[in-house]
Structure formats: C-alpha cells, structure tokens
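Spelled out, the chains give:
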Amino acid sequence: MSFLAARRRSPLALLVLLFLGLTFTGTAYAALQTNVPPGTSAEGASQEQIDEGRELFLGNCASCHGENAEGNGEAGPSLYGVGAAAVDFQVATGRMPLPAPTVQAKRNVSQVHFSDEQITALAVYVDSLAPGPDVPEAQWLDTAEGDPANGGAVYRTNCAMCHNSSGTGGALTRGKYAPTLMGVDEQHIYEAMLTGPQSMPVFNDQNITPEEKRDVIAFLKTIEDGANDQGGHTLGSLGPAGDALFAWTIGILAFIGAAVWLGRKAA
Amino acid sequence: MTNPHHDDTAPAVRDEAAAPARAETFENPGLPPHVPRRADVDPKAAKRAEIQVVVLFTLSALASIAFVVAYFAIDQDLKGYLLGIGEINLYHLAIGLTMGVSLLGIGLGAIHWAKTLMPDEEVVEQRHPQASTEEDRLVVGQTLSHGWRSSQLNRRSALLGSAGGALGLFALPLVLPVVAGLGPRPQGLYTTNWAEGTLLRIDPSGAAIRAGDVTQGSVFHVMPDGWVGHEAVEEHGAEAAMVAKAKDQVILVRLDPSLIKSQKQREWGYEGIVAYSKVCTHVGCPVALYEQQTHHLLCPCHQSTFDMTDDCNVIFGPAKRPLPQLPITVDGDGYIVAAGGFREPVGPSFWERERPGLLGVE
Amino acid sequence: MTTHVPQGADHLRTDESPPERPVSQTDQSSPDAAFPRALVWSDERVGTAKGLRFALKKVFPDHWSFLLGEIAMYSMIIALITGTFLTLWYVPSMGHVVYDGDYVPLKGVGMSEAYASTLHISFEVKGGLLIRQLHHWSALFFIVGIALHAARVFFTGAFRKPRELNWVIGVVLSLLAIIEGFAGYSLPDDLLSGTGIRAMNGFMMSAPVIGTWMTFFVFGGEFPGEAIIPRLYIAHVLLIPAILVGLFVLHLALVVIHKHTQYPGPGRTNDNVVGFPIMPVYAAKAGGFFFVVFGITALVSALVQINGVWVYGPYDPTQVTAGSQPDFYMWFSDGALRLLPGWLEVNLFDTVWSFNIFLGSLVLLPLVWVVMGAYPFVEAWVTGDKREHHILQRPRNAPTRTAVGAAAISMYLVLALACVNDILAIKLGLSINDLTILFRTMFFVLPVLVFFVTKRLCLSLQRHDRERVLHGNETGRIVRTPEGRFFEAHEPLDEYERWALVDYDTPTPLGLTQGPDVDGRGVARRRSPLAGVQAAVSSFFYKDAVRAVTPEELAAAHHHGGEHEALEAPGVPQLGAPVNDSTGDDDFSDSHGSSVQAPSGHR
C-alpha cells in the first residue's frame, strides 16, 4: 500500500526509534558491574593490600582529596570515616575518580578503571585511615530473604520523593538529580543508603535497619524484573508526562492520519 | 496596501447609493467537473476494491473469534518479553490486539468501501437564513402579549411580586440541607497531635530515636508517638490516622550547629538536631527532598526550596512562609521528644490563619 | 426571501426538485422502492418517515479537519462504555483495608478500598487492565480531540455568526471534560492522584474569605477525610457526564440546525453546503471512523501502559513521588502554581491573601474559559460584522485572529511546560531553577514574539496567494526572449483553483466606515462611549490586511505582463478578466461591510 510507503520516512519513524531506545536503556549494564567482596573493611585486610591501596590512592585520588585523604577544600572532601562502603560505591559505579569538576558525579559503569582487587585495596586503605561503614555482608543483599511489600513502604517514605516511585530518578535543585536505581547492583544500593553519597542523606542502621534496607533492595529488584510492567510500554516511567508525550505525538498522528485518509478522494 | 474599495483619506459614508459599482470579485465558477475514480471506469479495479473490503471485514471477524479464544485459553498472569515493549502481560496483549484488529477491520473496511465503491459525486444542499420570518416573530409577540395580559399579570402586581418571591425562595429548602450538610465548620487547623513530651517515632517502623543515632547528614521521617503504622489505624480509626499523617509529619535532621544561622532554631533544636513540619506551606505536599550537602529542602510538587540552616526560610519557588519548627529535647532515656507542640498552624496558608478568632478558635 | 442563483453545474445536483419527482437525476433507487414495512408501525405513531426524510439527506462536507471533533466524540463514547464496565468493580470508598491480592509488592499494605478495588480490576478481573487502559487513553484522546477541534474552529472562524452559541457550548464542554478528567484521575486514590487532591485542597484553601469553609465543605472535614473520593465518584460517573452528554447533544443538534461550514472552493457558497449525504456515504465513513478510533485506542491500550497505579502505591499524606504531575490538561494550572513567586502572598489586616496560589488556580481556570467563550463576541464587536458566515476562512486570511490565537496557545504552552520542569530538567540535563526563571520570562515574552511572527507569516502567505492568482504558478521553466532577456514561465491558475484563493473578504477598520461626526442634517451622531476603543481595536485587527485579488487587478496584471503571456505554453487558456456587473449572487463583495445588512440581493 502506498499509504505505508509514504510514512516510512515520516517523523513517525523517529518516534518509533525513540520508543525502542527508551525500552533498552538501563537493562544492559547490570552484568558489567565490578564489586568489592561483601563485608570488606580494614579489619582483617593484609598490609600489602593497604599498601597497594595507598599507591592507587596517591596516583588517582590524592590530587583532589589530599595526600592523606585529609581533604582539599573545594576540590574534594576529607575521606576520614567514609568507610570501605563509600569507596566501593564511588569507585565501582564509575563516579570516582571524577574526570572534571561537575555539579554532580555521574554513574558510569563502562568507565570503571579498576579491577575488583584494586577497588578492594583502595577501600581498605581509606578505611584504615579512620574507620567508617563496611561493605555490607552478603546476607543483607540476598533479595530472596527480603519482603518487597515492606520495602515498598519504606521506599515510598524515604526514597520515592527523589528517586521516583518507579525508581527511575528525579530532579533536585540547580541541575542536581537523583539517579535511576534500575540496573544498579544490590551492594551499591545498600552502600548508597548507608553512606549518603553527594546530595543523598545518610540512612544509618538506626534509621533504616539492615533488614529494611534488604527489603528496599528486594522491592527495587522486583520492579526491575518487571513487576510494574503489566500493560505495555512504560514510556520511560515518566508518569503523566510520558502519557502526554505519547498522546500528542504517536497517538494523535495515528488519528489524524486516519482522518486524512478518510477525507482524501480515492484514486 | 492598495484598497480598491475606498479612498482612504475620505471615509466612505455608509450609504447604499454611494456604494461603488459592484464588479469587485470573481464569479464562483461552480462545482468542477467530476473526475471518475479508477473503480468507476475499470471493473477490475472495482472488483479489487471489493475484495479489499471483504478481506478487512473477514479479518475483523477472525480477530473477534481470536479474542474469545484468547480470553479463555490464555493464563491471565502469563508474562513475557516483547521486543520494543519490554515485559508485558501476554494475556492483556493478546486480548488487546485482537480487540483492536476486530474494530479496525470494520472501520477501515467501511471507509474503504465508501471511498472506492459508493458514489463520490458531491451533492449540494441549500442553506436558509437562521432567522425566522417576520410573520413568525409577530405571531410569537402576539402570543406572549396575550399570555401576559390574559393571565392578568399586567394588572395585578401583587400576584406578580408574590409569585416572583415564591419562585425565588423555593430552592432554599432544597439547597440548604445539601450545602450546609456537606461538612463541619473549619476546625483543627491550629492544632496537631504534638505536645510536650511526645516521643518522635520513625515512620513507618515506629522506632524511637536516640539523639546519638541522628548522625550528621541523615534524615528521619517522623510521626508522633501513637500515630504510626497499623497500630494508629487500629487505635484511632483510618480517618483520624490519615488526618494525623497529613498534619503531624515531621522531618528530623542533624546540622553542624555552627551552620545554623538563627538563634531560635538552635534553641528549639538539640545539639544541632532540628525538627520541622514536613507539610509544604504552599499547597501542602510533603517537603521531603533533603539535600544533605546544601541543606536545602525541596518540595517535589512545585519546587519550593527551604534552607534548613536558616530556619527553613524559602529561598526559591512559590511558597511564602518558612516551615514551622517543632521544638525538641531529649527525655531521661536519651530519646528525642517534643518540647512542645507547633507554635503556629502547619500546612498551606488560609485566610484566617493569623486571626483564629474568625473561626471561633481562641 | 431567498433567491438562489444557480452557479456552475449545481443546477444539475440541487435537491430542490419538484415535489412530484422527489428523487434526483443521479438517483439509483430501485423503480419499485417503497417505505420499509418494518418502519410503518413506528411511522404511524411518531412519523418516522418525516424525520428520516430530513435526516438521511443531510449533507456533510468532507475534510480531514472536520473529523477532529469526531475523534473527541467517539473517544467520549469509548470512555462512557469502558467507564460503565469499571463501575461494576470499583469501590468508591476511603475505608481502610489490608491488601491481599495478586500484586506481590503491595501484599499486606494498608490502603483504601478505592485503591484496592482498582488493583483488583487491574490484576484479577479478566480484561480489567485492558478496559482501564482503554478508559484512560480514551479520556486523554477525548481532550486532545477537543483541543484540536477547538483550534480548528477558532482558526477557521467557524465560531462566527450564527455559531457563537455553539462555540460557547463547546467551550463549556471542554471545561467539563477536564473537570471530568481530573475527577477520574483522582479516583484510584494512589499516591500520585492523592498528591493531586492534596494540591487541590491547598488551592481551595487559599481562596480569600470563603476558602477554609469551602474546603471543609468539599472534603467533609479536615484533609483528607473519607468523603472526597465518594463525592468525586458521583461527580465523575453521574453529575458531570449527565451535563456533558446533554450539552453534547445540544452541540450536535446545533450543527444539524446550522448545517456544517465548508472551506472556500468552487461551487461552495455562503448559501449552500457541498458534500456527501448521510445515506450512504457519510454513514459509512463516520460509522467506520468510530471503529477506527476505537480500534486505534484499543491497540494503544494493548501496547502502551497508562497510569499503572500499582507503581505509585496507596495514597499516604506523608509520602510523595518525584515527577508528581497531573494529566496534561491540568498542566497549565499546576505550571502557573510553579511559576508564581512566593512574595505574592500578603497579609492584609491580619488576613492572608495568597495571590501566589489562587491566581494560578481559582482565578486562572475560570479566566481561560471565560476569555475563550467571549472571543466570538469580542471579534464580532471589533468587526461590526452582523452577517452569517458559512464559508470558513483559511487561517492566513484572518492574520490578526490567527496571530492572537497562536500567541494565546504559546502562553498556554509555557504554563503547561512549566508543570513538567522537573522532568525537562532531568531529561535535558538542565537546572530546574534556571528553567523556572526561563519560563517566567517566556510567559511574557513569547506571546508577543509569536504574535508578530505569526502575523507576518500570514501576511506573506496572503501575498504569495495574490502572486499566484495574478501571475500563475511557477513552472521552473526558464524562457529566453529573442532580445536575450530571461523569464520564468508561469502557468495561470484555472478558475477553480483561483476561486479557492480569492473567495475571502477583509473587513475595513471601523474608524473608516463610521462616517463623519455629524449626519447630513448637521445633527451630531450619537456615538457609544466605547466607539473610539472599538475603532482602535478594529484598526489593530484589520489595518494591514491583504485583500483578495479583484478581476480588475488580474486584468491589469495580464495587461502588464503581456510579454509573459505571450511566452506561456500555447494551449493554456487565457483568462480574460470576467466582467462581473451582476450583484445578486455576490456574497463577498460587501467589503464595507459590516454593521448593516448586506444591501443587495438575498441577505
């Protein structure tokens, strides 16, 4: 039919591509992520590991955080007491080292420069300077043990206002944002709650207990596995904004296309 | 612009005799000659169109049957992955697609039929002026006048007045009970469940909070003792529990005391721990986005931004008033408790906010 | 009263046939056609034949833009059908239950019965999810359809006499539609819609003097109470739909009474309507279009998830989700609330006046609709035009109106986009604060800009039309004269094509037609005190209008371009200027216009 042929090069094709693009973002990365072993802390680490960590630190981090991680004013905060958990979160998600100063360090899993062993060494070195939160134990990351419904309740009270009830992120003030939680490793979600990176507040174990943190992760993984995706394309989980975009583009083009076809005289 | 109708310098008087000769527009050429369609002149094209229509209708019928089959045969909870869509409920997809095809088949078939095989010569219908004839108007005028005079309304003004009064008032007995019964008079706007000694509890777990647990950079979403979780619903009923959530919600953070700019804020807090109402002073959304580095509180609804180091004053957005602060202290066991209730109404502005007397509140 | 002068070929097709032969010459009815026996029973009781004879011959012009209203109409019907389905399971109650359904991430969570029953429809009722999505999508398409239809009516001048009343009805319908939409959006009582109700509570509360009382009466007490969902429910399923459908029937009835407007074109006059009769063509097309609209909505509902309420969780006043927006038709109001600065709240005599809130909600909402409803009367006052109009204007032929409309839309869009400033910020990597300030500026700057750009665009399109009429279409062929000069050969328009370009008129600014201040006998004319304003606005509307080409101008152009014409390909008919000294059928020559009945002929 010439009707179809005429539409092949139309803006519709672009929209369809956009549509396809929205579907696949965020799902591909999960497999690539590096991780420090659960429970990592300076306690029980070997001196070689700590020395290796110091070497790495001096080469990659000291220019902003100072030679002894004491901080360097505006350039970088002190790392005393941030713990192994913060180091794993920042480095293994590709946020640190920061290539250039920005409003906010971006998650960038494909740009992680270090191996698991190197990040572990960095983590135990920083933790050895002044102890802070440890990388969580494996039991708190086992989503099969978590209660997604309770996690959902905790999530909606403590997290949804920034990260969106669908975990896809949201805007903060002056160009900062809460990133998406889809495709993020369990360990990193836990560490983020524990250490409060960047704008995010800290949720210590007295505020959200380890069990509750596990519930939150279980809830997020349930969503990631498609519990929310029931009735078709989720349009980027943008809520009414996505619906409106669809209605005013593809939706209305379909109707007007039909109307134009109806009104046109047959050949 | 050239204007052939007027001399712009001398305004034309609206006078028919002075109107210029009327040779100013083209003549309507009438309907263009009819161009026959392919199906009008070529029997093969007509046959082809017919087959297309029949195919569309048949497709619709088949899709309707497929819908029924899918409705009964597919498991309602069957999920699957669809390229370009992602995870989807396959039962939903199957019945949706078959329903769509069933409807589209009929629609496209009927339109295609109309376009290719039904007559395509346009017809002309004449219009007539919307206004009625003078005669109609006259008769109506007479009838109205007859009605007015024969009912003696023109002579008996007391009749007219009393009828008007009765008609004007008859709706009152109907409307008043509805409107006046809709709700109670405004109440509770100046009070919350916070009072001196009320324990702060974490929402939704219900745990009490030791001052030492509130580390710098952390944020606690808090409700008053007795108003958290399922227990509150059981004890007070769902409605009271919801009203309490809407008014009593509090956000608790610890700031470096040296950052706090206001003496009052420091005094109403405890060692840098401060508690503020979480209800936005704009239209009442929970102001829950706490940026721990800038100490800004952002409302996700309309972006009002409050500075927690400056007594929660508004630094951006549509809100006017700062968030009300809840004075807190620590009880004998080291748990954080309210040192008193809120000193001003929480939540959105309302007209009588500064003058409770207008609502009969002391 | 009416004398119709036959034009072109329409004497062949007119339905004003002698009564003894009540069929036209193109009639294809069978020679022994008779009134269907099945209808005799009803005809004897209600006169079915009389009604059908009138109805089946109604003629509708065919144009895609006339179907925009049908998209809205059919979407409304789909929403009514699917909505009825939903009422069979939906429970309009804010009573507390603990969820124990199929959706695992909410098991054991306390929620309202309204939310639980919506989850039940989505996960346990067979086909419930599809119907819910159909309902929500059709509601969105209903309002999209209304917006496009209203824009079409506005920009083509279809609201002019005698259709002002129907425009007002349409405006009321659109307001009802968005109230209906907002009520429906609120019913599931999920976290997103509950936040919407919270904002509604806040802006009702901001009304001076009555705000607090009004809010307590609407909510049956303190927010959230347990009354608002049942009350919104009865408004959503009974009160508003009843008024909506009633007014809609009136809207359609008036279309039948007025007969449909048509675009200018050969054979189309202000006294006729050219198109297809209901039987059979229009019935098949319009009926088919219902199924097409329903079918597309069904496909969309099958493939695209809308308002997955399970994503948000139950409403809890202490919670909120990032990206809290209403559906798009409420964006402009919520956007205004985001843009209005806080300093607009003032205390007067110890009472609080929240201009930052009620201006963007309680004032803006009615204001937009009052302005829309009043527009036809304002324009009629500006033109002083009392004539009936059944031929539409192409938007370029009413440059000022088109520019005003475009400016208004740009203003509306700034407010609407301000409502998604958080989504825009995160998707475009911008600062939400910068965006807000940008939108605040744009609200004042953009409409002015859009007005001038649109108006210039219309005027140049009009001049382009004049060029085409005067000199024909460009052919792209370059011709060299024997003297060595070059011309691009132009092909004159045929008379049908030309007519579509010249069939419009432009009112003269009223200041030029009101005449001197004293009449012929030296008595001062009585002037309304607003006459000066009226003349000024009229001049603003029409002073730089581009008028349609007249036959004289065309003749002059041909005369001037004599050597062009000589170069035209042979065989193209030369168009002499038609001498038109008749008056009777000339609907559009009355460019003086305005406040008197057309002087000559049939009106």
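Residues numbered from 1 in each chain as written. Chains lettered and ligands numbered in written order. Predicted model: local features only at pLDDT ≥ 70, side-chain atom pairs only at ≥ 80, totals over all residues. Heavy atoms only, no water.

### Notes on the overall build of chain C
No. 1: Summing up its helical and strand segments, chain C has 20 helices and eight strands in all.
No. 2: The buried share of chain C, reckoned over its 603 residues, is 56%.
No. 3: Residue pairs in contact within chain C that sit at least 24 positions apart in sequence constitute 74% of those at least 6 positions apart. (Helix = DSSP H or I, 4+ residues; strand = E, 2+ residues; numbered from the N terminus. Buried < 20%, exposed > 50% of the residue type's maximum accessible area, 1.4 Å probe, protein only. Contact = heavy atoms within 4.5 Å.)

### Some points on the overall build of chain A
No. 1: Helix and strand content of chain A: eleven helices and two strands.
No. 2: Counted from the first residue to the last, chain A has its helices and strands arranged as α-α-α-α-α-α-α-α-β-β-α-α-α.
No. 3: Classification of the 267 residues of chain A by burial places 54% in the buried group.
No. 4: By sequence separation, contacts in chain A at least 24 residues apart represent 69% of the contacts at least 6 residues apart.
No. 5: Within the structure as shown, chain A displays about 11400 Å² of accessible surface, and the carbon and sulfur contribution to it stands at 57%. (Areas by Shrake-Rupley, 256 points an atom, 1.4 Å probe, with all protein chains shown as cover.)

### Focus on the interface of chain B and chain C
Many descriptions give the size of an interface as the accessible area lost when the pieces come together.
No. 1: With 113 residues of chain B at the contact, the number on the chain C side is 156 residues.
No. 2: The contact between chain B and chain C buries some 11800 Å² in all, and 60% of this surface belongs to carbon and sulfur atoms.
No. 3: Linking chain B with chain C are five salt bridges, by the criterion used here.
No. 4: K58(C) is paired through a salt bridge with E125(B); the nearest N and O atoms lie 3.4 Å apart.
No. 5: Put simply, chain B and chain C have 37 residue pairs in polar contact (both at pLDDT 80 or more) between them.
No. 6: Residue assignment for the side of chain B that touches chain C shows that the elements contributing at least two residues are helix 2 (43–73), helix 3 (90–116), strand 3 (123–126), helix 6 (171–180), helix 7 (229–236) and helix 8 (238–248) of chain B.
No. 7: The element that contributes the greatest number of residues to the side of chain B that touches chain C is helix 3 of chain B, accounting for 18 residues.
No. 8: Residue composition of the side of chain B that touches chain C, grouped by class: 62 nonpolar, 26 polar and 25 charged.
No. 9: As paired strands, strand 3 of chain B and strand 4 (residues 272–277) of chain C are joined by four bridges and run antiparallel to one another. (Buried area = accessible area lost by both parts, 1.4 Å probe. Salt bridge = Lys/Arg side-chain N within 4 Å of Asp/Glu carboxyl O. Polar contact = N/O pair within 3.5 Å; in protein donor to acceptor, adjacent residues only side chain to side chain. Nonpolar A, V, L, I, M, F, W, Y, C, P; charged D, E, K, R; others polar. Pairing = 2+ DSSP bridges.)

### As for the interface of chain A and chain B
No. 1: On the side of chain B, 43 residues touch chain A, which itself brings 39 residues to the contact.
No. 2: Overall, the association of chain A and chain B removes approximately 3300 Å² of surface from exposure, summing both partners, and the carbon and sulfur fraction of that is 57%.
No. 3: Taken as a group, M161(A), N207(A) and W261(A) account for 17% of the area that chain A buries against chain B, more than any other trio of residues on that side.
No. 4: Our count for the chain A to chain B interface comes out at two salt bridges.
No. 5: Across the chain A-chain B interface, the total number found is 18 residue pairs in polar contact (both at pLDDT 80 or more).
No. 6: Mapped onto the side of chain A that touches chain B, the elements with two or more residues apiece are helix 2 (11–24), helix 7 (148–158), helix 8 (160–163) and helix 11 (240–263) of chain A.
No. 7: Partitioned by chemical class, the residues of the side of chain A that touches chain B number 18 nonpolar, 15 polar and six charged.

### Observations regarding the pattern of salt bridges
Between side chains of opposite charge, a pair can form when the charged atoms approach closely.
No. 1: Throughout the structure, instances matching the rule amount to 33 salt bridges over all chains.
No. 2: For K221(A), the salt bridge goes to E224(A), with nearest N and O atoms at 3.2 Å. Remark: E224(A) and K221(A) occur in helix 10 (residues 210–224); sequence separation between them is three residues, near one turn of the helix.
No. 3: Of the charged contacts, one joins K455(C) and D544(C) as a salt bridge, the two residues approaching to 3.2 Å between their closest N and O atoms. With K455(C) in helix 16 (residues 432–471) and D544(C) in the loop between helix 18 (531–542) and helix 19 (551–560), the pair connects residues that are 89 residues apart, well separated along the chain.
No. 4: According to the relative accessible area criterion, K455(C) is buried, its value standing at 6%.
No. 5: Beyond isolated ion pairs, a larger network of salt bridges with shared partners links K265(A), R37(B), D40(B) and D120(B).

### With respect to the packing of helix 7 (residues 191–205) of chain C against helix 8 (residues 211–219) of chain C
Residues and elements named next belong to chain C.
No. 1: It is the contact of helix 7 with helix 8, at a shortest axis distance of 7 Å, that shows an interaxial angle of 145°. Where helix 7 approaches helix 8, its residues I197, M200, N201, M204 and M205 are matched on the opposing element by G211, T212, M214, T215, V218 and F219.
No. 2: Considering only residue class, the contact of helix 7 with helix 8 consists of seven nonpolar, four polar and no charged. (Axes fitted to C-alpha atoms, helices over the stretch in contact; angles between N-to-C directions.)

### Side note on the state of the cysteines
Residues and elements named next belong to chain B.
No. 1: Here the structure, examined in full by the defined rule, presents one disulfide over all chains.
No. 2: Between the sulfur of C285 and that of C301 lies a disulfide, 2.2 Å long from S to S. With the S-S bond torsion at -95°, the cross-link from C285 to C301 turns out left-handed. A residue pair is termed long-range when its members are at least 10 positions apart, and C285 in the loop between strand 7 (273–277) and strand 8 (289–291) and C301 in the loop between strand 9 (296–298) and strand 10 (305–307) qualify at 16 residues. By the burial criterion, C285 is buried, and C301 matches it.
No. 3: Here C280 stays unpaired: no disulfide links it, and the sulfur of C299, its closest cysteine neighbor, is 4.1 Å away. (Disulfide = S-S within 2.5 Å.)

### Overview of helix 3 of chain B
No. 1: With 27 residues, helix 3 of chain B extends 37 Å between its outermost C-alpha atoms, agreeing within 8% with the 39 Å of an ideal straight helix rising 1.5 Å per residue.
No. 2: Of the residues that open helix 3 of chain B, the one with a side-chain oxygen 2.9 Å from the backbone nitrogen of Y91(B) is N89(B). (Expected span 1.5 Å × (residues − 1).)

### What to know about a negative patch on the surface
Residue and element names in this part refer to chain A.
No. 1: A cluster of acidic residues, E48, D51, E52, E55 and E117, forms a negative patch at the surface.
No. 2: Per element, the largest residue contribution to the negative patch is four residues, and it comes from helix 3 (residues 47–60).
No. 3: With respect to the element layout, E48 can be found in helix 3.
No. 4: The class for E48 is exposed, based on a relative accessible area of 60%. (Patch = residues over 30% accessible without salt bridge, like charges linked within 9 Å, V, L, I, M, F, W, Y side chains within 5 Å. Lys, Arg positive; Asp, Glu negative; His and termini not counted. Charge placed at Lys NZ, Arg CZ, Asp CG, Glu CD.)

### Details of the confidence of the model for chain A
Residue and element names in this part refer to chain A.
No. 1: For chain A, mean pLDDT is 82; residues scoring 70 or higher make up 87% of the total.
No. 2: Averaged pLDDT values over the elements of chain A bottom out at 48 in helix 1 (residues 2–7) and peak at 94 in helix 11.
No. 3: Counted against residues more than four places away or in other chains, residues 26–32, with its pLDDT under 50, gives four contacts. (pLDDT = per-residue confidence, 0-100.)

### Concerning the confidence of the model for chain C
Caution applies to low-pLDDT parts of the model: their predicted coordinates are not meant to be read in detail.
Residues and elements named next belong to chain C.
No. 1: Residues of chain C with pLDDT of at least 70 account for 85%, and the chain-wide mean is 85.
No. 2: In this model residues 1–14 is a low-confidence stretch, pLDDT under 50, and it forms 23 contacts with partners more than four residues away in sequence or in other chains.
No. 3: Taken together, the stretch residues 17–23 has pLDDT below 50 and engages in two contacts with residues farther than four places along the chain or on a different chain.

### Description of the side chain of H258(C)
No. 1: Here H258(C) shows up in helix 9 (residues 228–258).
No. 2: Overall, the relative accessible area of 7% leaves H258(C) in the buried class.
No. 3: Beyond its immediate sequence surroundings of up to four residues, H258(C) is in contact with R127(B), Q130(B), P162(C), R163(C) and H390(C).

### Considering the packing of aromatic side chains
No. 1: Counted according to the given criterion, the structure contains 41 aromatic pairs over all chains.
No. 2: Taken together through their ring pairs, the aromatic side chains of Y74(C), F289(C), F290(C), F291(C) and F294(C) make up a single cluster.
No. 3: For the cation-ring pair, K126(C) lies above Y71(B), with the distance from its terminal atom to the ring centre recorded as 4.7 Å. (Phe/Tyr/Trp six-rings, centres within 6.5 Å; stacked < 30°, edge-to-face > 60°. Lys NZ or Arg CZ within 6 Å of the ring centre and 35° of its normal.)

### A few points about the sheet that holds strand 11 (residues 313–316) of chain B
All names here are of chain B.
No. 1: Pairing in this open sheet of four strands is antiparallel, and the strands run 8-9-10-11 from one edge to the other. Each end of this open sheet is capped by a strand with a single partner; those strands are strand 8 and strand 11. The sheet shows a mean angle of 35° between the axes of neighbouring strands, taken without regard to direction.
No. 2: Both strand 9 and strand 10 contribute to a ladder of three bridges, which runs antiparallel. Directly across from H296, in strand 10, lies its bridge partner D307.

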